[in-house]
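One-letter residues, chain by chain:
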Amino acid sequence: MANTAHTTDSKMLSWHALKEWAIVVRAVEQGRHFILFRKGGILEDGFSVASNEFLLFPTFEHQSRQYIKDEYRLDYDMLEVHAPVDKVVIRSAARVASYYESSDKSRLLKLNRYHIYNDLFLDYRMQWNRDKPVSVMLVRAYRLEEPIVVDMKGDYYGCRSWIRLEHDDLKGVRIGKPVVDDIIFDRIKREVDGVMAG
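Residues numbered from 1 in each chain as written. Predicted model: local features only at pLDDT ≥ 70, side-chain atom pairs only at ≥ 80, totals over all residues. Heavy atoms only, no water.

A. How the structure looks around helix 5 (residues 182–197). Over its 16 residues, helix 5 runs 21 Å from end to end, which matches the ideal 22 Å to within 8%, given 1.5 Å per residue. Elements that come into contact with the buried residues of helix 5 comprise strand 3 (35–38), strand 5 (87–102), helix 3 (105–109) and strand 6 (134–151). For helix 5, the side-chain oxygen to backbone nitrogen distance between the N-cap and isoleucine 183 is 3.2 Å, and the N-cap itself is aspartate 181. (Helix = DSSP H or I, 4+ residues; strand = E, 2+ residues; numbered from the N terminus. Expected span 1.5 Å × (residues − 1). Contact = heavy atoms within 4.5 Å. Polar contact = N/O pair within 3.5 Å; in protein donor to acceptor, adjacent residues only side chain to side chain.)

Structure representation (structure tokens):
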């Protein structure tokens, strides 16, 4: 990531932030989730990568317990109980390491070990905007040295993938170390690229 460990990013006037289910963001930060499947929100005409580097913005909008693997449902329940009101705590940034588009469910199922979604989620994702392929992002996460607490604003609500966080929300953003080391992530990337490009 361009913003390496111990680099202060206070000069950046804004960051792109990707809205993602809070349970998925938690798993990304724990090194248990590496693949994001997107098709764009109701307010968007499909999905596109607004920035290769972005903050992860945990959201409870549209988050659904039925679409995650059983072993992550206790974490889901705990997050729901302790969900902040009118604020979002951002603890990580991410970089897109690989990007693909696919409508081949059998291929996407082969990525099962790299995310916490269950098979029902893929059906749910593929049925939305049926004429568009699923965007598949392999992301590498980086911890922030200090969490950012963001007040929810009107522009942050709604079914959209990307939002812009402005300078007032970003005071003291410092990108820390990657969640998983180079050896582990390079192996995951080779395996994911092998499935998607094979």
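Don't stop here, the text continues.
B. Region of interest: the confidence of the model for the chain. For the chain, mean pLDDT is 85; residues scoring 70 or higher make up 82% of the total. Per-residue pLDDT, averaged within each element of the chain, yields its smallest value for strand 1 (residues 7–8) (39) and its largest for helix 5 (97). Predicted confidence for residues 2–10 stays below pLDDT 50, and this span has 25 contacts to residues more than four positions away or in other chains. (pLDDT = per-residue confidence, 0-100.)

C. Up close: the packing of aromatic side chains. A complete count under the given rule lists 10 aromatic pairs for this structure. Look at tryptophan 21 and tyrosine 117: their rings are 6.3 Å apart centre to centre, the planes differ by 80 degrees, and that puts the pair in the edge-to-face class. With tryptophan 21 in strand 2 (residues 14–21) and tyrosine 117 in the loop between helix 3 and helix 4 (119–127), this residue pair connects regions lying 96 residues apart in the sequence. Ring centres of tyrosine 67 and phenylalanine 121 lie 6.3 Å apart, and the angle between their planes is 70 degrees; this geometry places the pair in the edge-to-face category. A residue pair is termed long-range when its members are at least 10 positions apart, and tyrosine 67 in the loop between strand 4 (53–59) and helix 2 (73–81) and phenylalanine 121 in helix 4 qualify at 54 residues. You'll find tyrosine 67 and phenylalanine 121 in the same group, each marked buried. Among the aromatic residues, ring-to-ring pairing joins Trp21, Phe37, Tyr67, Tyr117, Phe121 and Tyr124 into one connected group. (Phe/Tyr/Trp six-rings, centres within 6.5 Å; stacked < 30°, edge-to-face > 60°. Buried < 20%, exposed > 50% of the residue type's maximum accessible area, 1.4 Å probe, protein only.)

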